[in-house]
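Read off the chains here:
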Amino acid sequence: MSLQAIADRRRFLALSIGGVSAFACSRTARAQLAPAPVRRRVTIDEHSVTSAVKIEVNARPLPSFDLRDRTHLRFGMLQYRSGVALTSSFPGFGGLSGIRLDASGERFLAVSDKGGWFTGRIAYSGREIAGLADVEAAPLLGPDGRPITDRGWYDSESLARDGDIVYVGLERVNQLLRYDFAKGGTGARGEIVPLPPAARRLPHNKGLEALVVVPKGLPLAGTLIALSERGLDANGNLLAFLIGGPAAGQFSIVRSNEFDVSDAVLLPSGDLLVLERKFSLFNGVGIRIRRLTLAQIAPGALVDGPAIFSADLGQEIDNLEGIDAHVTPEGETVLTLVSDDNFSMIQRTLLLQFTLME
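Residues numbered from 1 in each chain as written. Predicted model: local features only at pLDDT ≥ 70, side-chain atom pairs only at ≥ 80, totals over all residues. Heavy atoms only, no water.

**Points about the packing of aromatic side chains**
For step 1, the next point in the chain: A complete count under the given rule lists 9 aromatic pairs for this structure.
For step 2, the next point in the chain: On the basis of an interplanar angle of 35 degrees and a centroid distance of 6.1 Å, the ring pair of Phe65 and Phe309 is categorised as tilted. Of this pair, Phe65 sits in the loop between strand 4 (58-61) and strand 5 (74-75) while Phe309 sits in strand 23 (residues 307-311); the two residues are 244 residues apart in sequence, bridging distant segments of the chain. Each of the two residues, Phe65 as well as Phe309, counts as buried.
For step 3, the next point in the chain: An aromatic cluster is built from Phe65, Phe75, Tyr80, Phe309 and Phe354, whose rings are joined through pairwise contacts. (Phe/Tyr/Trp six-rings, centres within 6.5 Å; stacked < 30°, edge-to-face > 60°. Helix = DSSP H or I, 4+ residues; strand = E, 2+ residues; numbered from the N terminus. Buried < 20%, exposed > 50% of the residue type's maximum accessible area, 1.4 Å probe, protein only.)

Take a look at the structure:
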């Protein structure tokens, strides 16, 4: 292993220690140490604004994903396309926990776990990510039109979109908000969506971590699938919920190797890709993606599926919390992953893309 790889491994070990501490402690305590979250009234250079603000985001290319072998491009069923590390002088930038792209893979909507929206465009140079453009930040608003952070609602961890309808899961308070972007875009007010009693009882720091809307033409069409980070059933498997749709209820996903859910995306084929991560003081950070079949999912079911991708300290990973997919004009399925830096100096906001190889 090269000296650079060893240095990166040490950095990731520090990340893992920080990550374990962060996930073990109160999110409220972390909020006191982190920069102020994005709010409706944001102060920038002593000027106060009361609506979405334009921000500049810088991108540093990541020419390879494997720190030990730059020629290594294939990782399980994924092939590395490109990636960037993102930074911004805007104090509220970071904590990205969910991302949704348009059909072209350019326009994006992202949510920060500190109660903020980010919108903009991924700029490409050929097939590689060049950076972000036209980026705006705005606060998530509650039913009263005020930032959700005003009522102590943080941990906006999960994101799903169905046309103009956007759902956001709030982990620490176990709430689900519905936004109609036809009524003001990121300025729309969130409406509280009732959750099943078991979802309301999820552990405050291990609650709803992934949301997926099932579109027309697939089994369970019209259902919102909600996966918990580490809410466990009586057998130690991961709790998940079917909200609305033709068959509302609860099911479980087999938990293995101490991985927890961090996000999910539904492919047009009906395959559900679940992004998972784990932290260990001894082994550092691990990331994997499992493939589940939508046809398996039903109230009371226990579902499982193979891992199609895994990464560790030898790759350009961080606290990956968001995943989405789009199909290129050439017919390639591209997965986009984003990381939550927890507003920590030792973590990074990464934007990575891979081609799903069949």
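**What about the confidence of the model for the chain?**
For step 1, the next point in the chain: Of all residues in the chain, 86% have pLDDT values of 70 or greater, and the mean over the chain is 88.
For step 2, the next point in the chain: Counting interchain partners and residues more than four positions distant, the pLDDT-below-50 stretch residues 1-10 has 7 contacts.
For step 3, the next point in the chain: Scored below 50 in pLDDT, residues 12-50 shows 84 contacts in the model against residues more than four places distant or in partner chains. (pLDDT = per-residue confidence, 0-100. Contact = heavy atoms within 4.5 Å.)

**Here we look at the sheet that holds strand 11 (residues 156-162)**
For step 1, the next point in the chain: Pairing in this open sheet of 4 strands is antiparallel, and the strands run 11-12-13-14 from one edge to the other. Each edge of the sheet is formed by a strand with only one pairing partner; in this case those strands are strand 11 and strand 14 (191-192).
For step 2, the next point in the chain: With 6 bridges joining them, strand 11 and strand 12 (residues 165-170) adopt antiparallel strand pairing. Following the sheet pairing, Asp162 is matched in strand 12 by Ile165. (Pairing = 2+ DSSP bridges.)

**Section: the sheet that holds strand 15 (residues 208-213)**
Through backbone hydrogen bonds, the strands of a sheet pair up, either in parallel or in antiparallel fashion.
For step 1, the next point in the chain: The strand order across the open sheet built from 5 strands is 15-16-17-18-22, with neighbouring strands paired in mixed fashion. With partners counted over all chains shown, the strands left at the sheet margins are strand 15 and strand 22 (302-303), one partner each.

**Examining the environment of Glu128**
For step 1, the next point in the chain: Mapping Glu128 onto the fold places it in strand 10 (residues 128-139).
For step 2, the next point in the chain: Between the C-alpha atom of Glu128 and that of Val84, which follows or precedes it by 44 residues, the distance is 9.5 Å.

**Focus on unusual backbone geometry**
For step 1, the next point in the chain: Even without being a glycine, Leu220 presents a positive backbone phi close to 70 degrees.
For step 2, the next point in the chain: Counting through the fold element by element, Leu220 comes out in the loop between strand 15 and strand 16 (224-232).
For step 3, the next point in the chain: Unlike most non-glycine residues, Asn257 shows phi in positive territory, near 55 degrees.
For step 4, the next point in the chain: Along the chain, Asn257 turns up in the loop between strand 18 (249-253) and strand 19 (260-266).
For step 5, the next point in the chain: The exposure class assigned to Asn257 is exposed, which follows from its relative accessible area of 52%.

**Considerations on the pairing of strand 10**
For step 1, the next point in the chain: Relative to strand 10, strand 3 (residues 53-54) runs antiparallel, the two being bridged by 2 bridges. Note on strand 10: the bridge partner recorded for Val53 is Ala137.
For step 2, the next point in the chain: Alignment of strand 9 (residues 116-125) against strand 10, held across 9 bridges, turns out to be antiparallel. Looking at the pairing, Ala123 lines up with Gly131 of strand 10.
For step 3, the next point in the chain: Linking strand 9 back to strand 10 in an antiparallel pair, the connection comprises 2 residues, with Gly126 at a positive phi of about 70 degrees.

**Here's the deal with the pattern of salt bridges**
For step 1, the next point in the chain: Counting across every chain of the model gives 22 salt bridges.
For step 2, the next point in the chain: One continuous salt-bridge network, built from bridges that share partners, spans Lys206, Glu209, Glu229, Arg277 and Glu321. (Salt bridge = Lys/Arg side-chain N within 4 Å of Asp/Glu carboxyl O.)

**Looking at the nonpolar core**
The nonpolar side chains of a soluble globular protein tend to be buried, and buried together.
For step 1, the next point in the chain: Grouped together as the largest cluster of nonpolar side chains are 26 residues, with contacts concentrated most on Phe65, Ile289, Phe309, Leu337, Leu352 and Phe354.
For step 2, the next point in the chain: For this core, the secondary-structure elements that each account for two or more residues are strand 6 (78-87), strand 20 (271-280), strand 21 (284-293), strand 23, strand 24 (320-327), strand 25 (333-339) and strand 26 (349-356).
For step 3, the next point in the chain: The element contributing the most residues to this core is strand 26, with 4 residues.
For step 4, the next point in the chain: For Ile289, the contacting residues outside a window of four places in its chain are Leu78, Leu273, Val274, Leu275, Pro306, Ala307, Ile308, Phe309, Ile323, Leu335 and Leu337.
For step 5, the next point in the chain: Ranked by size, the runner-up nonpolar core spans 22 residues in total, among them Ile225, Phe251, Ile253 and Leu294. (Core = buried A, V, L, I, M, F, W, Y, C linked by side-chain atoms within 4.5 Å.)

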